[in-house]
Amino acid sequence: MTRTTPERPVDIEAMFPELAEHRRTTTRLHPRPGSPERDESSVAGPFLWPADEPWPLCEAVHEKGRGELLSDVRLERRILDEAWRRDSPRGPSEAERATLAGLAEGLHLPELRDDASIPLLAAAQLFTRDIPDLTGPEGCDLLQVFWCPFEVHGPERTMDVRLKWRRSQDVGDALTDNPEPVVVGRAECVPNTCVLHPEQVVEYEWPELLSGDVQERIDAWEEELMDAAAEEDTYELTYTGDLSIAPGWKVGGFARWGLTGPARIDCSCGAPMRPLLTVSDQEWNGGSLTWVPLEDREIVDVMGANDPTGVYVGRGQMRIFTCPVDPTHPHQINFQ
Ligand SMILES: [Zn+2]
Ligand SMILES: [Zn+2]
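Description of the structure in this document. Here the residue numbers are simple positions, counted from 1 along each chain's written sequence. Written order decides the labels, with chains lettered from A and ligands numbered from 1. The model is predicted, so local features are restricted to residues of pLDDT at least 70 and side-chain atom pairs to those at 80 or more, both for listing and for counting; the totals for chains, interfaces and linings are taken over all residues. Excluding hydrogens and water, the side-chain values take into account all heavy atoms of the structure.

### A word on the coordination of the zinc ion (ligand 2)
And step 1. Metal donors were taken as nitrogen, oxygen and sulfur atoms no farther than 2.8 Å from the ion, or 3.2 Å where the ion is Na, K or Ca. Water is excluded, so coordination may look unfinished. The coordination sphere of the zinc ion (ligand 2) contains the protein donors Cys 267 (SG), Cys 269 (SG), Cys 323 (SG) and His 329 (ND1), at a distance range of 2.0 to 2.3 Å.
And step 2. Site shape is set this way: if four donors have all angles between 85 and 135 degrees, tetrahedral; if opposite donors are over 155 degrees apart and all others between 65 and 115, square planar for four donors and octahedral for six; otherwise irregular. Between the four donor atoms coordinating the zinc ion (ligand 2), the angles at the centre fall across 105 to 112°, so the site counts as tetrahedral.
And step 3. In primary-sequence terms, the residues that donate to the zinc ion (ligand 2) follow C-x1-C-x53-C-x5-H. With a gap of 62 residues between them, Cys 267 in the loop between β14 (250-252) and β15 (274-280) and His 329 in the loop between β16 (317-322) and β17 (332-335) connect regions that are remote in the sequence.
And step 4. Only protein chains enter the accessibility calculation, which uses a 1.4 Å probe; a residue whose area is less than 20% of its type maximum is buried, one above 50% is exposed, and one in between is partly exposed. With a relative accessible area of 6%, Cys 267 lands in the buried category. A run of H or I in DSSP counts as a helix once it spans at least four residues, and a run of E counts as a strand once it spans at least two, with each numbered from the N terminus.

### Some thoughts on the sheet that holds strand β2 (residues 32-33)
And step 1. In this description, strands pair whenever DSSP reports at least two bridges between them. With respect to topology, six strands assemble into an open sheet ordered β2-β12-β3-β8-β9-β10, the strand pairing being antiparallel. Of all strands in the sheet, those bounded by a partner on one side alone are β2 and β10 (158-166).
And step 2. Pairing of β2 with strand β12 (residues 194-195) involves two bridges; the strand directions are antiparallel. Bridge pairing in β12 places Arg 32 opposite Val 195.

### Here we look at the packing of aromatic side chains
And step 1. Only Phe, Tyr and Trp rings are paired, with Trp represented by its six-membered ring, and only when their centres lie within 6.5 Å; those with planes under 30 degrees apart are stacked, over 60 edge-to-face, the remainder tilted. Enumeration according to the criterion identifies seven aromatic pairs in this entry.
And step 2. Here the aromatic rings of Phe 47 and Trp 55 are separated by 5.9 Å at their centres, their planes lie at 45°, and the arrangement is tilted. A single burial state applies to Phe 47 and to Trp 55, both of which are buried.
And step 3. Ring centres of Trp 49 and Trp 55 lie 5.3 Å apart, and the angle between their planes is 65°; this geometry places the pair in the edge-to-face category. As far as burial versus exposure is concerned, Trp 49 and Trp 55 are alike and both buried.
And step 4. Within the aromatic cluster, the residues linked to one another by ring pairs are Phe 47, Trp 49, Trp 55 and Phe 146.

### Observations concerning the coordination of the zinc ion (ligand 1)
And step 1. Each protein donor to the zinc ion (ligand 1) is listed here as Cys 58 (SG), His 62 (NE2), Cys 148 (SG) and His 153 (NE2); together their distances run 2.1 to 2.3 Å.
And step 2. If you look at the zinc ion (ligand 1), its four donor atoms make angles of 102 to 116° with each other, and the shape they trace is tetrahedral.
And step 3. Taken in sequence order, the residues that donate to the zinc ion (ligand 1) follow the motif C-x3-H-x85-C-x4-H. With His 62 in the loop between β4 (57-58) and β5 (66-69) and His 153 in strand β9 (residues 142-153), this residue pair connects regions lying 91 residues apart in the sequence.
And step 4. Residue classification places His 62 among the buried positions, given a relative accessible area of 7%.

### Here we look at the nonpolar core
And step 1. The set of buried Ala, Val, Leu, Ile, Met, Phe, Trp, Tyr and Cys residues whose side-chain atoms join them within 4.5 Å is what this entry labels a nonpolar core. Ranked by size, the top nonpolar core spans 34 residues in total, and within it Leu 126, Trp 147, Trp 249 and Leu 277 carry the most contacts.
And step 2. Secondary structure elements with two or more residues in this core: α2 (70-85), β8 (121-127), β9, β10, β15 and β16.

### Considerations on the sheet that holds β5
And step 1. Within the open sheet, the three strands sit side by side as β6-β5-β11. Their pairing is antiparallel. In the strand order of this sheet, the two ends are held by β6 (106-107) and β11 (183-184), each with one partner.
And step 2. Both β5 and β6 contribute to a ladder of two bridges, which runs antiparallel. Residue pairing in the sheet places Arg 66 in a bridge with Leu 107 of β6.
And step 3. For this analysis, residues touch if any pair of their heavy atoms sits within 4.5 Å. Note on definitions: angles span 0 to 180 degrees between N-to-C directions of axes, and those axes are lines fitted to C-alpha atoms, for helices only across the stretch in contact. Against the sheet, α2 engages β5 and β11, with an angle of about 45° to β5.

Rendered as structure tokens:
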């Protein structure tokens, strides 16, 4: 099934032609639970990884045995998913609740030393053929994203995110199963396996990064809309919510800055970096449902439907920034 973002409710660029200079495309990934193949784009699906190449490891010194068992995280999600899907009894049964209560966070692997190496989690595998806004180093057509699911790395104590670009045609014998850590720091660092339905849409820059004049005129236009909406008791459209930046997991486009205000993310070479991959806790939110794909209209209120990956990091969004001059320069991550 494809996913189709409805046409924007107004043509904002026609009203504010200056926005043409602040337009970019992005590819919404539209992850949905499924069983991707090894040669397909996915979130947390099987990676196309050479059998004779070492899998990336976290070798940083930090506690690795305390947290949640990865198998428990998956069991809990499966139980809850089935419980809320069936008609009766709706919600977890007595027995299921007892099982869930038995899944404990704690020190699961006391013998695992802080300097031991653990496999990174396979987070996303993206082929350029599927994702028009994905551009990497010359000749590479596959991006593999990994992370260490413990929020303890670096001065900001975040997950450790790693990127691997490769030429898919060079992969001969491939690994059958992704290696995985036994324990993760927090369940919300674990993505559910999802198939992707990439769709390219247009975005406009975050409002605070537009010129003062355009910002003021957009504000004035929004105020008029607000008054009209109050009179007619209808939904009130906003630039930020409905017209500028798409929600959910996506590649390319712009970054939202709702939490901190705009920040400059510069590469070590001096170039302003761009968002490569946005990891998000919600594919849409109650505030602005205009981004809900046409095909998902009927499941808008189903529990968990807007949170297919189960990932929640930062205050909901993690953006991986890369250098537009040379994508092999070290990436940076930023949270909102
Ligand atoms: Zn780590
Ligand atoms: Zn650079």
